[in-house]
Amino acid sequence: MPRHKICSCCGASAAPIECACRGAVFCSNQCAQQYWPKHSAHCTSHLEKEFDAARYREGGSDEGEVADVAHALGMALMKRDRMAEAEECLCESAKIYRTMHGAGNAKLTATLGNIGSLYLRQGRVDAALVAYSEVVESNKGCEASREVAMALECIGIVCTRQNRYQDALDRYEEARDIFRELSGEDDKDSARVLGNMAQLCLLQKRHHLSAGMREQALRVQRTLIGSSPSGDKDAALNLLGLGEAYLHVHGKADQACDCLREGLEIVRRLYPQGHPLVTRFLVTLGSAHAQESRKEEALAAWEACLPALRRAHGDAHETVRKVMKEVVVMLEAVGRKEDAVKMREAKVTAKRASHGSEHPAVAAALYELAMCQGRVGLKKKALWSVREANEIYTRRGLSIGNERAIKCRDLLEKLEDRWSEEGYL
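What comes next is a walk through the structure. (Residues numbered from 1 in each chain as written. Predicted model: local features only at pLDDT ≥ 70, side-chain atom pairs only at ≥ 80, totals over all residues. Heavy atoms only, no water.)

**With respect to the overall build of the protein chain**
(1) Moving on: Looking only at helices and strands, one finds 19 helices and two strands in the protein chain.
(2) Moving on: Over its C-alpha atoms the protein chain spans a radius of gyration of 28 Å, topping by over 25% the 22 Å that the globule rule assigns to 425 residues.
(3) Moving on: Taken over the C-alpha atoms alone, the protein chain extends approximately 100 × 50 × 45 Å along its principal axes.
(4) Moving on: By residue count, 42% of the 425 residues in the protein chain fall in the buried class. (Helix = DSSP H or I, 4+ residues; strand = E, 2+ residues; numbered from the N terminus. Rg over C-alpha atoms; globule rule 2.2 N^0.38 Å. Buried < 20%, exposed > 50% of the residue type's maximum accessible area, 1.4 Å probe, protein only.)

**Brief notes about the pattern of salt bridges**
(1) Moving on: Enumeration over the complete set of coordinates arrives at 33 salt bridges.
(2) Moving on: With a shortest N-O distance of 2.6 Å, R192 and D189 are connected by a salt bridge. With a gap of three residues between them, R192 and D189 both fall in helix α9 (residues 188-203), about one helical turn apart.
(3) Moving on: For D189, a relative accessible area of 17% puts it in the buried group.
(4) Moving on: Among the ionic pairs, E403 bridges to K407, the shortest N-O distance being 3.9 Å. Remark: K407 and E403 occur in helix α19 (residues 403-421); sequence separation between them is four residues, near one turn of the helix. (Salt bridge = Lys/Arg side-chain N within 4 Å of Asp/Glu carboxyl O.)

**Notes on the environment of L237**
(1) Moving on: Tracing the backbone shows L237 in helix α11 (residues 233-247).
(2) Moving on: For the pair L237 and M330, spaced 93 residues apart in the sequence, the C-alpha separation amounts to 27 Å.
(3) Moving on: Ignoring anything within four residues of it in the chain, the contact list for L237 reads R214 and L277. (Contact = heavy atoms within 4.5 Å.)

**Concerning helix α4 (residues 83-101)**
(1) Moving on: Taking 1.5 Å of rise per residue, 19 residues should cover 27 Å, and α4 covers 26 Å from first to last C-alpha, within 8% of that figure.
(2) Moving on: All of the buried residues in α4 are M83, A86, C89, L90, S93, A94, I96 and Y97. What you see down the axis of α4 is that its buried residues fit within an arc of 165°, all on one side. Residues A84, E88, K95 and T99 are exposed on α4 and point more than 90 degrees away from its buried face.
(3) Moving on: Once α4 finishes, G102 follows within two positions and takes phi at roughly 80°, a positive value. (Expected span 1.5 Å × (residues − 1). Arc of directions from axis to C-beta.)

**A word on the packing of helix α5 (residues 106-122) against helix α6 (residues 125-138)**
(1) Moving on: Viewed as axis vectors pointing N to C, α5 and α6 meet at an angle of 165°, and their least axial separation amounts to 8 Å. Accordingly, the angle class assigned to the pair α5 and α6 is roughly antiparallel. The chirality of how α5 crosses α6 is left-handed. From α5, T109, L112, G113, I115, G116, S117, Y119 and L120 reach across to α6, where they touch V125, A127, A128, A131, Y132, E134 and V135. (Axes fitted to C-alpha atoms, helices over the stretch in contact; angles between N-to-C directions. Parallel < 35°, antiparallel > 145°, perpendicular 65-115°, else oblique. Left-handed = near helix turned anticlockwise from the far one by under 90°.)

**A closer look at helix α2 (residues 44-55)**
(1) Moving on: If you check α2, its first and last C-alpha atoms are 16 Å apart, about what twelve residues at 1.5 Å a residue would give, namely 16 Å.
(2) Moving on: Turning to α2, its buried residues are T44, S45, L47, F51 and A54.
(3) Moving on: The inward-facing, buried residues of α2 abut α3 (63-79) and α4.

**Overview of the nonpolar core**
(1) Moving on: The biggest cluster of nonpolar side chains holds 61 residues, and the ones touching the most others in it are F281, L306, V323, V327, M343, L366 and V386.
(2) Moving on: Filtering out sequence-adjacent residues up to four positions away, V323 remains in contact with V283, W302, C305, L306 and L309.
(3) Moving on: Grouped together as the second largest cluster of nonpolar side chains are 55 residues, I115, A131, M197 and A217 included. (Core = buried A, V, L, I, M, F, W, Y, C linked by side-chain atoms within 4.5 Å.)

**Concerning the packing of aromatic side chains**
(1) Moving on: Tallied over the entire structure, the rule returns one aromatic pair.
(2) Moving on: When the centroid spacing of 5.7 Å and the interplanar angle of 55° are considered together, the rings of F26 and Y35 count as tilted.
(3) Moving on: A relative accessible area of 5% places F26 in the buried class.
(4) Moving on: Taking relative accessible area as the criterion, Y35 reaches 19% and is therefore assigned buried. (Phe/Tyr/Trp six-rings, centres within 6.5 Å; stacked < 30°, edge-to-face > 60°.)

**What to know about the environment of L306**
(1) Moving on: Looking at the element boundaries, L306 is found in helix α14 (residues 295-313).
(2) Moving on: Each C-alpha atom of the pair L306 and R344 lies 14 Å from the other, and the pair is 38 residues apart in sequence.
(3) Moving on: With residues near it in sequence (within four places) discarded, L306 still touches V320, V323, M324, V327 and M343.

**What about unusual backbone geometry?**
(1) Moving on: The phi dihedral of R22 falls on the positive side, at around 65°, and the residue is not glycine.
(2) Moving on: In this structure, N163 takes a positive phi of about 65° despite not being glycine.
(3) Moving on: Among the secondary structure elements, N163 is positioned in the loop between α7 (146-161) and α8 (165-183).
(4) Moving on: With a relative accessible area of 54%, N163 lands in the exposed category.

In short, geometric facts, not functional conclusions.
Here's what the structure looks like:
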């Protein structure tokens, strides 16, 4: 049985009837029958049978029907993260549409866009670029369409990932022009593209421009969905981006906090069971509070998101390491020094597990632990930690010329001199 045994039709718990595709469960046959018209369009088991029936129909197959069912099956498989099978179905569908209708056909355009999305989800940016580019090229000379605009937007995303920022900005501008031509200035898709452009400007450290774009996009979204954008993920993402931009604009930290709190409230309402966006908001909110010297609030935000970050990425991830470092610093700043030592000890343990006991990364963690222990007054433990770090550097042949090893040796000498005078040695 799937993990969530909640009836897909009425929401009753402990639903005992499971569809063959494992994508839906029901509490009764009546609910299964009532929900079937909606579920059948996404049921991989049903669509696989339909695909075989269309392909091997007696008297010859209808190529158009085969392509339609292959496309529907590919989308259902992609939704279930069965990417290899989804790619096979979507590519077959595109091949048939291309043969039957040629370039510029609406069905081919939609299928190519979905193939690009599949490749983008897999991180195959070059293959995604080929698919999206075919959408644009095959529709040249045709009337402007949302599908082409979306393909241009996705090309912008690919170019951003490839660090081709000017190409990305050009494609975003083209996409936004089409959306505005089709639906006017106050268009949700146009606002989303503007948000992507703002994120690009943030990467380029053009913080004022990024903030202005985010503000404009948010105004459009508020116009479309009311003054309170509850339940709108795009608005939440714009609030996150606006908060990030404000962090880099002098005197805007308070506004950053307001945006981040509002966006966090939306995301928590959208995803009451938790979502990666919650951790992103909390990490950024912690930074905003720290910038305003609100130490307790910063610490609360970082401590709230750290367990989820560590579960998702592990202690070696850059964001996790950064947040752990900020938490330790803030723990000391608010007087929770024993908790800071415990976190440093946990970091040493994690480094030993991931790198082995003789790795320089373990020595670096021991050095940081010694510094923290010294500040707390754990003098003997600090000395033991820095001695072990120094021994690792020496055994690895790093005691001369390595900046960290030199700092470690200097600290060891300083502690031994100071504490021998005070009678600790």
